[in-house]
Amino acid sequence: MDQAIRDFKYIEKLIKLKQENPQLEIMAAVDSEVVADDGHRWWTADFGDCSVDEVLLKDERVYVRSEDEDDLIHDEMDWVYGVDYSLDSERIDLLEAEAKECVNRMNWKKVILVQIGTAEMFTNAKN
């Protein structure tokens, strides 16, 4: 797909999401490939897809619920509960449920999330 057409579709989608969710903040999710180091003041990147999602700022990291929730649950199981995976599956399921509750209580913020990345990331985007 031509970059100009792709960009237009992404921008059109962003406008629609903002019209449907005027109360939500628009937040850019910048891929680490764009900002690989802090040696420069400015970087260029491409505007990517957008969606309504939830984000969490924790331990100097940004978590995106739709992508990182399962990892965060397992991290909580390891860090908070010190899960011994040799336990029986019923006990592990119980600890996982407790970790899910813990993750659900975290300070998630619902936003319109815009992906910002390298041109290569969006070249084969399906829209």
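Cut-offs used in this document
Residues numbered from 1 in each chain as written. Predicted model: local features only at pLDDT ≥ 70, side-chain atom pairs only at ≥ 80, totals over all residues. Heavy atoms only, no water. Pairing = 2+ DSSP bridges. Helix = DSSP H or I, 4+ residues; strand = E, 2+ residues; numbered from the N terminus. Axes fitted to C-alpha atoms, helices over the stretch in contact; angles between N-to-C directions. Contact = heavy atoms within 4.5 Å. Core = buried A, V, L, I, M, F, W, Y, C linked by side-chain atoms within 4.5 Å. Buried < 20%, exposed > 50% of the residue type's maximum accessible area, 1.4 Å probe, protein only. Salt bridge = Lys/Arg side-chain N within 4 Å of Asp/Glu carboxyl O.

**Considering the sheet that holds strand S1 (residues 26-30)**
One key point about sheets: their strands pair by backbone hydrogen bonds, in either a parallel or an antiparallel sense. The strand order S1-S4-S2-S3 describes an open sheet built from four strands, whose pairing is mixed. Whereas interior strands pair on both sides, the edge strands pair on one side only; in this sheet they are S1 and strand S3 (61-64). Geometrically, the sheet is characterised by an average inter-axis angle of 55° between neighbouring strands, direction not taken into account. Sheet topology places strand S2 (residues 46-58) next to strand S4 (residues 109-117); eight bridges connect them, and they run antiparallel. Note that in S4 the partner of Val 52 across the bridge is Ile 112. In the packing of helix H1 (residues 3-20) onto the sheet, contacts are made with S1, S2 and S4, and the angle to S2 comes to roughly 45°.

**Structural notes on the nonpolar core**
The biggest cluster of nonpolar side chains holds 11 residues, and these are Leu 56, Tyr 63, Leu 72, Ile 73, Met 77, Ile 92, Ala 99, Cys 102, Val 103, Met 106 and Trp 108. Of all the secondary-structure elements, those providing two or more residues to this core are helix H2 (65-79) and helix H3 (89-105). Of all the elements, H3 adds the most residues to this core, at four residues.

**Details of the pattern of salt bridges**
Summed over the entire model, instances satisfying the criterion amount to 10 salt bridges. Lys 58 is the salt-bridge partner of Glu 76, the closest N and O atoms lying 3.5 Å from each other. Note that Glu 76 is positioned in helix H2 and Lys 58 in strand S2, a separation of 18 residues in sequence. Exposure class is identical for Glu 76 and Lys 58. Each is buried. Arg 61 is the salt-bridge partner of Asp 68, the closest N and O atoms lying 3.5 Å from each other. Using a relative accessible area of 11% as the deciding quantity, one classes Asp 68 as buried. Here Arg 61 falls in the partly exposed class, since its relative accessible area comes to 36%.

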